[in-house]
Amino acid sequence: MGDIWYVGLMVLVYIWFPKVAAQNLIKNPRDQKTEHMLLINEVNADSPGEDTSEFVELYHTSGQTARLDGYYLVFYNGNGNRAYKVLNLQGKVTNSQGLFLIGSSSVNPAIIIPKNTIQNGPDAIALYYGKGNYKEGMSVTSYGLVDALVHKTKKTDRADTLVRVLTPGRDAFLEDSTFRTMDESIERCRGEDSQWIFQVAMPSPGTDNHCILTSQLNASAVLISEVLAASSSEEFEFIELQGPHSTMLRDIVLVLIDGQTKDIYFTMDVYGKTSLDGLLLIGPAQSKTSVDLPFPENTTRPVLRGGPKAIALYRGNSSSFVPGKALPVTGLLDAFVYTSNEEPNPELLEILTPGRPAYKEKRHQLGDVSMNQCNCCSVTRDSLSYVLSRPTPGKFNDCPSKRFSQTLSFCLRVADCQEWLLKSEEILMTLGQALDGSCSCGISAAYFKESKAACQDLGLVFTTLLTAKSEDQLSSLLLAFKTFLETPGLVSFDRRNITVESSCFKDINVPDLPPGVPSEIPEGTQKPSVQVAKLLINEVNPDNPGGGEDAEYIELFYTGQTRFDLQGYWLVLYNGKNSRAYQVLDLSGHHTDELGYFLVGTSTVSPAPMIGLPPNTIQNGADAVALYYSNTTLYAVNMAVTAEGLVDAVVYTSRMPEKADQLVKVLVPGQTILYENNSHSTEDESLSRCHSLSTKLQSSFQVTMVTPLGENFCSSSSAPVPPAIRINELCLAGSTTPHRFVELEGKPGTSLGGLSLVFFMGKEGKARVSIPLRGTIGATGLFMFALDGGHGHDGTNLTSKDIFATSEGSSAIAVYSTSLIPGGTKATSENLMDALVYTCEPSTAGGHLDFLGPSYAVPCKDDRPMSLSRCACGNASAELQFAVSDPTPGLQNSCPQDAFTVDIHLCLLTPNCSTWTLHHRRMLKSLGRVLVSSLEKKCSCGVSELYLQGLNVTCVGSLVKVWGQVWARQLEQQQSIETWRQGFLASPHTFSVDERVLKTSPECIAPKNAPSVSHSSASFQGWEIALFVMGSLLLMFFVVSLAFYFIKRHPQNYTNIEMNDRGEIAADF
């Protein structure tokens, strides 16, 4: 009862002191680490002259468009510590790279400020979020603070108060005006420990910061940064080195080698001081461009001749390198081998750049081009890190950027796929040469980032991020890639002719439909077995309850579930009455979020859409939404419906009689229109993709509750109709188990003739054994098939190894309505009746057998008798699933029951609640896997995810509250689960859920020895608290009324009171 009085007291304090409770409404985001945040990225407070190039650049760490509603940018004067300028960023958005610029008109900002606005220091710039009263003249504050930079231009300047409030523990940053002779800025970069730091660098408003950190330079101290070769003595030539800024170089030798003979033909000592940007330029003394270190006098030019040639940097002095003498293998700092046509000496390559080919130097329409290192500064002796670009002597190299990028994917039809997983560099080189041959863009392997390779179905799927220097170059490269895929013939990869295709899968236009779902697929269309990553229309909400129509949206989804560039994509909305476009959206310059979602909608939709629409924009139907891809076709309002460049489409109506025959004919031929309001719900609803990831297929959608920027809520009513024969139990392991078996379930008397039982195993998901079935289902509705000693139709002996759960990929058992499934055949959904996929290494990554059904985890190494048994979920309407259980051949399955229940209530600390809110179902599933893994590791009692019932979470601030139940099969197992629960709560520890670190918190955990509280008792305590609070309020009201009455009846000074008759009557009353 003491807890009740305590809670009641706290409620009364909150009621009587609302002002105190309201003072902390603005939370400090610095105390709440978020996945993505808005930061001060670059500041140029002091530019030469009249400060006409000053700016502040903000950056959203998502790297994509983000709304700035609720943010304020405040400029503080260090003399008095008060705000001299406040900018409200309400209604502003970053650009597609996440950048937002405030500054002088000369830097093309989103918000223009007059010259000399940003003070030079000691001053500060602070970014706030919230509903604080931010205004000019206010004192410096940390409430709502997101990020801040305190800066100064003189070492003697002090800003103690600004530092103490805004950046405690960090001194004011010195913008050294002597760092560069022209101009400099303060830029944010990643430090050696991946923490954000500031450094002085060349200004880069609206573009990537030049984050070449001294701490990132390797032990070589100096690297080859840029090379410009010449064909005659009149042409300018140079070698540019990169090292720590303002550093004296000594004891370094530059050596030039003939690429065919391996002979040294030029040496010189390298000495001098690097520039403020860390560069040292070596070239001819007599040239228009001044150099830091000239070639020696009487040097025969050109020094840097056409290839094959090599450039090397060694420790030592030039007297140690004699022409004609073999190259030393020690003391090598960096090397670069290049050629035009002829191949260099293989031994030279092995000495200077082992395992790397020579760089192919070619002249293009670009004019004079140099060879630029674009992976500075941790990569040495690697030709694959160079690109051809315009010469930039004494400046940073002109390199491709992720700001102009697009993910590419293609298929190599190879039989020995596993060998090709290690040949990514050869693939990139060939791809670069192919694209360069098409567009002459000067592309090389360094244009590709984050490459991945995987074996799937017909060959190797290769995915990479293509970067470029500009939007125009990216468009040219994408067009060249399209030509590369569409051109028939073989491509030479690693001296082998290989077919290249856009996909390693068969026709993916039409999915396998679950039994009982009517097909709307045109006749003659082939069915696929799996899907490939692509951009789809995922959810459409065109019609909201009431007349506001202010919660409309269209959601796109990239099935690769990663950030995806929408360059070249268009979203077109069609009117069904005239079959013409009434709204066209160019999606270029936008990206999906990290999970592949992209939202277009009205301002009231939450989370906020990436592209906003006015209310009542999306028509209710009969209309259509179409997604196109084209870098050449321009889609415009009022154009007639077209299938050119069509990627996906949905044709819908909210009124049953209406039709849109022309839209259906062009966009989804042979199918029927979707009815958006077929549930007649009073709540808002949408058309959600639930049944397949196939494009332009109407039956992929069903009406569900709205889930913008989240997983679609596909109801169980759409679950497939159970097959006539299905798998009921699979006994997998246990040395004490006399027989392993498969138990099938069906209607008594059903014949098994013509069916096959197939076992799939391994990384490639091929059939290991196929067994033709005979006989009929027994009177109990069960049919048991003993596995040990069984034989396949080809005479193969069936042993326990054929069904054992492997740690390398998934395994599966499947029932097919055909007896013609030979061993070695890849799994397919054709003629599939039922399947069970299992593994002992659960993973979120996709596998070759995932399309057969969900994968169930079983213990990898366990001698206990164990089965996977089909059991019903707690929700009677939900689809049946499998649970780890004891073997029950011919008997009722041993399943978890609500009679043996353990309640779980726990709290977890998380850095950020947004992921739990936006992706509730996915995070809940991941949490379930973690809890089951912890439980099984502790008790070894044979549990799986089906044992968790009613699991749910809420997340507020940084606290995740979890509640639910764990069911057990019997009393002994229930006791083991209870022991685990108490131990889990008693010893707080950290663990990972979906790659996010959580920590158990005692905030809502009962004492160690306290029994678990049932729902009814918890509810009763809640009523006690409520009654106590109400009683206290009534008592206080009575006391106040009594006091008021007493004062009125007995005033202190009657001589100062004058009342009329009515006043006296009122007072008496």
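The structure this text deals with has already been given above.
Only a predicted model underlies this, so the values are computations on that prediction, with no experimental measurement involved.

Draft legend 1. Local environment of the overall build of the protein chain. Broken down by element type, the protein chain carries 13 helices and 53 strands. The burial tally for the protein chain puts 48% of its 1069 residues in the buried class. In the protein chain, of all internal contacts separated by at least 6 residues, the share reaching a separation of at least 24 is 65%. For the protein chain, the exposed surface amounts to about 51,100 Å²; the carbon and sulfur share of it is 53%.

Draft legend 2. Layout of the environment of Ser231. Along the polypeptide, Ser231 turns up in the loop between β12 (223-228) and β13 (238-242). Under the relative-accessibility criterion, Ser231 is labelled exposed at 63%. Ser231 sits 72 residues away from Val303 along the chain, and the two C-alpha atoms are 9.5 Å apart. At 3.0 Å, the side chain of Ser231 and the side chain of Glu235 are in polar contact.

Draft legend 3. A look at the sheet that holds strand β35 (residues 646-653). On the basis of which strands lie adjacent, the open sheet formed by 5 strands has the order β31-β30-β34-β35-β36 and mixed pairing. Two strands in the sheet have a free side with no partner beyond their single neighbour: β31 (580-586) and β36 (674-675). Both strand β34 (residues 623-629) and β35 contribute to a ladder of 6 bridges, which runs antiparallel. Bridge pairing in β35 links Tyr628 to Leu646.

Draft legend 4. Geometry of helix α7 (residues 471-486). Relative to the 22 Å expected for 16 residues at 1.5 Å per residue, α7 spans 23 Å between its end C-alpha atoms, a close match to the ideal helical length. Inspection of α7 places Gln473, Leu474, Leu477, Leu478, Ala480, Phe481 and Phe484 among the buried residues, and these make up the whole buried set. Around the axis of α7, the buried residues are gathered within 160° of arc, so they sit on the same side. Exposed and facing more than 90 degrees away from the buried side of α7 are Asp472 and Glu486. N-capping of α7 is provided by Ser470, with a side-chain oxygen placed 3.1 Å from the backbone N of Gln473.

Draft legend 5. Molecular detail of the pattern of salt bridges. Under the criterion given, the structure shown has 15 salt bridges. Here Arg158 and Asp160 are joined by a salt bridge, their closest N and O atoms 3.1 Å apart. We classify Asp160 as partly exposed; its relative accessible area is 46%. For Arg870, the salt bridge goes to Asp834, with nearest N and O atoms at 2.8 Å. Taken together, the positions of Arg870 in strand β47 (residues 866-871) and Asp834 in strand β45 (residues 832-839) put the pair 36 residues apart, joining distant regions of the chain. It is possible to trace a salt-bridge network through shared partners that takes in Arg356, Asp382 and Glu425.

Draft legend 6. Representation of unusual backbone geometry in the model. With an omega dihedral of 0°, the bond running from Arg301 to Pro302 counts as a cis peptide bond. Turning to its location among the elements, Pro302 is positioned in the loop between β17 (293-294) and β18 (309-315). Pro607 follows Ser606 through a cis peptide bond whose omega is 0°. Positionally, Pro607 belongs in the loop between β32 (597-602) and β33 (611-613). Not every positive phi belongs to a glycine, and Asn108 is a case in point at roughly 55°. Along the polypeptide, Asn108 turns up in the loop between β5 (99-103) and β6 (111-112). A positive phi angle, near 60°, is found at Asn616, a position not held by glycine. Residue position: Asn616 is located in the loop between β33 and β34. A relative accessible area of 53% means that Asn616 is categorised as exposed.

Draft legend 7. The arrangement of helix α6 (residues 424-439) in detail. The terminal C-alpha atoms of α6, which comprises 16 residues, lie 22 Å apart, in line with the 22 Å expected from a rise of 1.5 Å per residue. Of all the residues in α6, the buried ones are Ile427, Leu428, Thr430, Leu431, Gly432, Leu435 and Asp436. Where α6 ends, the next residue or the one after it, Ser440, has phi of about 50°, a positive value.

Draft legend 8. Inspection of a nonpolar patch on the surface at higher detail. There is a patch of nonpolar side chains on the surface, built from Leu1035, Phe1038, Val1039 and Leu1042 and spanning about 410 Å² of accessible area. Summarising the element assignment, Leu1042 is placed in helix α12 (residues 1015-1049).

Draft legend 9. Inspection of the pairing of β31 at higher detail. The pairing of strand β30 (residues 569-575) with β31 spans 6 bridges and is antiparallel. In the strand pairing of β31, Leu573 is matched with Gln583. Counting the residues that bridge the hairpin from β30 to β31 gives 4 residues, and of these Ser579 lies at a positive phi of roughly 60°.

Draft legend 10. Spatial organisation of the nonpolar core. If you look at the biggest cluster of nonpolar residues, it comprises 35 residues, and the most contacted ones within it are Leu412, Leu466 and Phe493. Taken together, the elements giving at least two residues each to this core come down to β23 (401-412), α5 (417-420), α6, β24 (448-456), β25 (459-468), α7, β26 (490-493) and β27 (496-501). Tallying contributions element by element places α7 first for this core, with 6 residues.

Draft legend 11. Local environment of the side chain of Thr117. Position of Thr117 relative to the elements: it lies in the loop between β6 and β7 (123-129). Residue Thr117 is classed as buried on the basis of its relative accessible area of 13%. A polar atom in the side chain of Thr117 sits 2.5 Å from the backbone oxygen of Pro114.

Draft legend 12. Geometry of the pairing of strand β14 (residues 248-258). Relative to strand β15 (residues 264-273), β14 is paired through 8 bridges, and the arrangement is antiparallel. Bridging from a neighbouring strand, Val253 pairs with Asp269 of β15. Following β14, the chain reverses through 5 residues before pairing antiparallel with β15; Lys262 in that reversal takes a positive phi of roughly 70°. Across 7 bridges, β14 lies against β18 in antiparallel orientation. In the strand pairing of β18, Val255 is matched with Ala312.

Draft legend 13. Broad picture of the sheet that holds β14. Taken in spatial order, the 5 strands of this open sheet run β15-β14-β18-β19-β20, and their pairing is mixed. Looking at which strands have only one partner, the edges of the open sheet turn out to be β15 and β20 (359-360). Of the strand pairs in this sheet, β18 and strand β19 (residues 332-339) are connected by 6 bridges, and their pairing is antiparallel. In the sheet register, Ala312 faces β19, and the bridge partner there is Ala335.

Rules used in this analysis
Residues numbered from 1 in each chain as written. Predicted model: local features only at pLDDT ≥ 70, side-chain atom pairs only at ≥ 80, totals over all residues. Heavy atoms only, no water. Helix = DSSP H or I, 4+ residues; strand = E, 2+ residues; numbered from the N terminus. Buried < 20%, exposed > 50% of the residue type's maximum accessible area, 1.4 Å probe, protein only. Contact = heavy atoms within 4.5 Å. Areas by Shrake-Rupley, 256 points an atom, 1.4 Å probe, with all protein chains shown as cover. Polar contact = N/O pair within 3.5 Å; in protein donor to acceptor, adjacent residues only side chain to side chain. Pairing = 2+ DSSP bridges. Expected span 1.5 Å × (residues − 1). Arc of directions from axis to C-beta. Salt bridge = Lys/Arg side-chain N within 4 Å of Asp/Glu carboxyl O. Patch = residues over 30% accessible without salt bridge, like charges linked within 9 Å, V, L, I, M, F, W, Y side chains within 5 Å. Core = buried A, V, L, I, M, F, W, Y, C linked by side-chain atoms within 4.5 Å.

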